[in-house]
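Now for the letters of each chain:
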Amino acid sequence: MSFLELKNITKRYGPLTAVGDVSLSVEKGEFVSLLGPSGCGKTTTLQMIAGFVEPSAGTIRLDGRDITRAKANSRGLGIVFQSYALFPHMTVFDNVSFGLEMQRVPKGERKPRVEEALSLVHLSPYAKRYPRELSGGQRQRVALARALVIRPPVLLLDEPLSNLDAKLREAMQFELREIQRKVGTTTVMVTHDQAEAFSISDRVVVMEAGRITQIDQPYRIYEHPETEFISRFVGKTNLLPGKVATATGAGATVSLAGIAVPVEMPGLSVGETVTLCIRPEKLRLTQPSNGLLTGRVADRFFLGSQWLYHIDGPLGTVMVVTPNDGSAPADQGAPVGLEWTPSVVRVHRGAMAEAPDVALEVT
Amino acid sequence: MSATLPDSAPAAPAAPGEEAPERRVRSAPLFLSAPAALLFVALVLTPLFLTALLSFNQFDYATGRTGGFTLEHYLSVLTDEYYLEIFFRTFRISALATAICVVIGVPEAYILSRMGNPWRSVFLLVILAPLLVSVVVRAFGWSMLLGPEGPVNGALIALGIGRMKLLYTEGTVVVALVHVMLPFMVIPVWTSLQKLDPAVEQAALSFGASRGTAIVRVVAPQILPGILSGSLIVFGLSASAFAIPGLLGGRRLKMVATVVYDQYLSDLNWPMGAAVAVILLAANLIIMLTYHRVVEGHYRRRLG
Ligand SMILES: Nc1ncnc2c1ncn2[C@@H]1O[C@H](COP(=O)(O)OP(=O)(O)OP(=O)(O)O)[C@@H](O)[C@H]1O
Ligand SMILES: [Mg+2]
């Protein structure tokens, strides 16, 4: 029996289904991230667990207890709100101390715990400030400290790190993971940022338009996206439309604009329309004569540890990412060949969906 | 801000032609506020100034002529027990009415802000409805209700309690004032409740606070500015109220505004009436500014 269990949770706002039929089981001590584009229902899902939005249908169980209709102030969860929701009339210290006060923690014990929480989020010098005297990122960290200090059995985090700079964000991710490992807090985190979701979660839940499309370990979501939407939303990908040319028992060859490409996917039938997904880092640049495909370097971008190339070829523009090993990169306009191993190609059945606008929201 | 703009960029020598639009932009606020300012000067400041002048005039009871300069009216108001009692009564009644308005109006505004849509509009209208009826009509309504032969006394007699003198008492004046002033408390409080992020109250609940604790510890401190402006309006209007004490206080239970009226129209002692009015204005200002200072000092740093 899992610790936190959502069963067929639905929330409708009039004709709009903000969350539809969501089922999710979270084990005790597990770190789960909800990942999805803006407006897909992540906050609504979290708010239903927290008890601020009443589900239209479905049940929520926490530690075996049905809490679907339980009052929010009886659930004992630690929550970081997307809008922070700090108490504007209280100092940072009092904000953090509020939860302890409500738990009737004796005054003497409160102070060290608040100080510990503040130092965890690097805000000790700001204890006497009021929220409006803080920057956005500092406020966000107060919200985090406020939720952590009460040591709740379940932490609900709604984009808790969205306003922090890359370095601080990494430090906070590390801290969250540490706390979670030490105390065993069950955590559900909402995030836009797939890198964040991948780096600290045990499992990632991908949501699209109010529904869960895949629940899996980060590695599997990245390598085996179940839908074309996920492969586009998670990381960069090349989507190549084609038709199955030949099919054998374990594999097939797909014809892409007249070029035959071997794939490892059983059960395809000849003539079927498919879309191939190949991650840019799985492609390698070679001499034009050795490549499965040939093309020209249309653009190249330096990303620090990597190079990103746009290669114009018979299939349109293909993205390639190569590690920056210190050697000279391919020149703009140079003819290059592309090669890859057949096992890295993912095949989605059916034609490519229109306009990948959702993918554009995530960089 | 705009005044410092030209100084902060002295390096760029403005061409003669460029100065004109700058001027025009700076004079625009003055120009735009001129109509309101004119109206204010003509309708508020001028009568006030004339009243202040009048209050220093001498008054001749025999002929009713006024003129010259004297402080006699001020001295007699400030030393006469009769006037002082009326001033104290006025401020006591106003303070009481304000306090009751806070006690009733703040929860009312909170409940209103939590209502769903069709009901919220209906109840907002109900709260505002008294403003649509003349104060005089409402005062007469109260006097019919509370009069010796009114339904309230009828009910008291039927219950065996017996007839009570309700009209022409301080209590009645306070009740009627609260009735008239309540919208002026509800509206500013409701406005500041509208500005609240509902997630802040939810945050308090998520830490296990009861609904009451959340309201007292988290909601109330944030709507303090609304309560403050509401009480200033209610107190100011109550202290200068005329129709309610005039109609429900009767001849004996006078308040400052009714005394001013008497001086002007019964005694025809205009300078005396003017002096009382000026003292009321000054006292009102002092009380309200002090109150404002004290309350604002509490939330200034926190809420900005
Ligand atoms: N109170 C409400 N009334 C009506 N519609 C709502 C309400 N709250 C949310 N919605 C709608 O429900 C959908 C999901 O909203 P939600 O806040 O859960 O999105 P989200 O995934 O958290 O997005 P973001 O990443 O931008 O925060 C949106 O289309 C939103 O417009
Ligand atoms: Mg959200």
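Placed above this text is the structure.
All figures in this text were calculated on a predicted structure; none of them were measured in a lab.

Peer 1: Help me understand the packing of helix α9 (residues 198-206) of chain B against helix α10 (residues 211-222) of chain B, please; the structure alone is not making it clear to me.
Peer 2: Any two packed helices are characterised by the angle at which their axes cross and by the distance between the axes. All names here are of chain B. The interhelical angle for the contact between α9 and α10, taken along N-to-C directions, is 145°, at an axis separation of 9 Å. You can see that α9 and α10 cross each other, and the crossing is right-handed. Residue-level inspection shows Val200, Glu201, Ala204 and Leu205 of α9 in contact with α10, the latter providing Arg211, Ala214, Ile215, Val218, Val219 and Gln222. Taken together, the residues of the contact of α9 with α10 sort by class into 7 nonpolar, 1 polar and 2 charged.

Peer 1: I tried to follow the sheet that holds strand β1 (residues 4-13) of chain A on my own but got confused; where do I start?
Peer 2: Remark on secondary structure: sheet strands pair via backbone hydrogen bonds, oriented parallel or antiparallel. Residue and element names in this part refer to chain A. Read from one edge to the other, the open sheet built from 4 strands follows the order β2-β1-β4-β5, with strand pairing classed as antiparallel. Two strands lie at the open edges of the sheet, namely β2 (16-26) and β5 (65-66), each paired on one side alone. In the sheet, β1 pairs with strand β4 (residues 57-62) via 5 bridges, with the strands oriented antiparallel. Looking at β4, one finds that Thr10 is bridged to Ala57. Lying on the sheet, helix α1 (residues 42-50) is in contact with β1, β2 and β4; it crosses β1 at an angle near 120°.

Peer 1: I'm lost on the site of ligand 1 in this one. Help?
Peer 2: Residues and elements named next belong to chain A. The environment of ligand 1 is formed by 13 residues, the closest being Ser38, Gly39, Lys42, Thr43 and Thr44. Contact distances for ligand 1 include 3.0 Å between an oxygen atom and a backbone N or O atom of Gly41. A distance of 2.5 Å separates an oxygen atom of ligand 1 from a polar side-chain atom of Thr44. Coverage of ligand 1 by the protein chains reaches 62% of its 640 Å² of free accessible surface. Those elements that provide at least two residues to the shell around ligand 1 are β2 and α1. Among the elements that take part in the shell around ligand 1, α1 stands out by supplying 3 residues, more than any other. When the residues that make up the shell around ligand 1 are grouped by side-chain class, the tally is 4 nonpolar, 7 polar and 2 charged.

Peer 1: What am I meant to see in the pattern of salt bridges here?
Peer 2: Charged atoms that come close allow side chains of opposite charge to pair. Inspection of every chain in the model, using the stated rule, returns 24 salt bridges over all chains. Between A:Glu109 and A:Arg113 there is a salt bridge, with its nearest N and O atoms 3.6 Å apart. Of this pair, A:Glu109 and A:Arg113 are both found in helix α3 (residues 107-120), 4 residues apart, which corresponds to roughly one turn of the helix. A:Glu109 gets classed as partly exposed once you look at its relative accessible area, which sits at 41%. We classify A:Arg113 as buried; its relative accessible area is 12%. One salt bridge connects A:Glu339 with A:Arg284, and the closest N-O pair in it is separated by 3.1 Å. Highlighted residues: A:Glu339 in strand β19 (residues 335-339) and A:Arg284 in strand β15 (residues 284-286), separated in sequence by 55 residues. By relative accessible area, A:Glu339 is classed as partly exposed at 25%. For A:Arg284, a relative accessible area of 39% puts it in the partly exposed group. Overlapping salt bridges bring together A:Glu101, A:Arg110 and B:Arg217 as one network.

Peer 1: Looking at this structure, how should I read helix α4 (residues 136-148) of chain A?
Peer 2: Given 3.6 residues per turn, any residue in an α-helix points the same way as the ones three and four places further on. For α4(A), which comprises 13 residues, the first-to-last C-alpha distance of 19 Å matches the rise-based estimate of 18 Å (1.5 Å per residue) to within 8%. Counting buried positions along α4(A) gives 11 out of 13 residues, so the element sits mostly inside the fold. Considered for burial, the residues of α4(A) that qualify are A:Gly137, A:Gln138, A:Gln140, A:Arg141, A:Val142, A:Ala143, A:Leu144, A:Ala145, A:Arg146, A:Ala147 and A:Leu148. Buried residues in α4(A) make contact with β6 (78-80), α2 (92-102), α3, β7 (154-158) and α5 (166-183) of chain A together with α9 of chain B.

Peer 1: Please explain the coordination of the magnesium ion (ligand 2) as it appears in this structure.
Peer 2: Around a metal, the perfect tetrahedron of four donors has angles of 109.5 degrees, and the perfect octahedron of six donors has angles of 90 or 180 degrees. Residue and element names in this part refer to chain A. Of the protein atoms, only Thr43 (OG1) and Gln82 (OE1) coordinate the magnesium ion (ligand 2), at distances of 1.8 to 2.3 Å. Note that Thr43 is positioned in helix α1 and Gln82 in the loop between β6 and α2, a separation of 39 residues in sequence. In this structure Thr43 comes out as partly exposed when scored by relative accessible area, which is 27%. Owing to a relative accessible area of 39%, Gln82 belongs among the partly exposed residues under this scheme.

Peer 1: Please clarify how the pairing of strand β9 (residues 203-208) of chain A should be interpreted in this entry.
Peer 2: Moving residue by residue along a regular strand, the side chains alternate between the two faces of the sheet. All names here are of chain A. Of the strand pairs in this sheet, strand β3 (residues 31-35) and β9 are connected by 4 bridges, and their pairing is parallel. In the sheet register, Val32 faces β9, and the bridge partner there is Arg203. Adjacent in sequence and paired antiparallel, β9 and strand β10 (residues 211-216) are bridged by 2 residues, among which Ala209 carries a positive phi angle near 50°.

Peer 1: Would you explain the pairing of β2(A) in this entry?
Peer 2: All names here are of chain A. By the bridge criterion, 7 bridges tie β1 to β2 in an arrangement that is antiparallel. Residue pairing across strands places Tyr13 opposite Leu16, the latter belonging to β2. Turn length for the β1-β2 hairpin, with the two strands adjacent in sequence and antiparallel, is 2 residues, and the turn residue Gly14 shows positive phi of about 60°.

Peer 1: Sorry if this is basic, but what is going on with the packing of aromatic side chains here?
Peer 2: Any pair of aromatic rings gets described here by the distance separating the centres and the angle formed by the planes. For the structure on display, the rule yields 15 aromatic pairs over all chains. Where A:Phe198 meets A:Tyr222, the ring centres are 6.2 Å apart and the plane angle is 85°; that geometry is what we call edge-to-face. You can see A:Phe198 sitting in helix α6 (residues 194-200) and its partner A:Tyr222 sitting in helix α7 (residues 218-223), a full 24 residues away along the chain. Residue A:Phe198 is classed as buried on the basis of its relative accessible area, which comes to 19%. With 4.9 Å between their ring centres and 45° between their planes, B:Phe242 and B:Tyr261 make a pair best called tilted. Taken together, the residues B:Phe242 in the loop between α11 (224-239) and α12 (243-249) and B:Tyr261 in helix α13 (residues 256-265) connect sequence positions 19 residues apart. According to the relative accessible area criterion, B:Phe242 is partly exposed, its value standing at 37%.

Calculation rules
- Residues numbered from 1 in each chain as written.
- Chains lettered and ligands numbered in written order.
- Predicted model: local features only at pLDDT ≥ 70, side-chain atom pairs only at ≥ 80, totals over all residues.
- Heavy atoms only, no water.
- Axes fitted to C-alpha atoms, helices over the stretch in contact; angles between N-to-C directions.
- Helix = DSSP H or I, 4+ residues; strand = E, 2+ residues; numbered from the N terminus.
- Left-handed = near helix turned anticlockwise from the far one by under 90°.
- Contact = heavy atoms within 4.5 Å.
- Nonpolar A, V, L, I, M, F, W, Y, C, P; charged D, E, K, R; others polar.
- Pairing = 2+ DSSP bridges.
- Near = heavy atom within 4 Å.
- Polar contact = N/O pair within 3.5 Å; in protein donor to acceptor, adjacent residues only side chain to side chain.
- Areas by Shrake-Rupley, 256 points an atom, 1.4 Å probe, with all protein chains shown as cover.
- Salt bridge = Lys/Arg side-chain N within 4 Å of Asp/Glu carboxyl O.
- Buried < 20%, exposed > 50% of the residue type's maximum accessible area, 1.4 Å probe, protein only.
- Expected span 1.5 Å × (residues − 1).
- Donors = N, O, S within 2.8 Å, 3.2 Å for Na, K, Ca; no water.
- Phe/Tyr/Trp six-rings, centres within 6.5 Å; stacked < 30°, edge-to-face > 60°.

Honestly, it's all geometry; don't read function into it.
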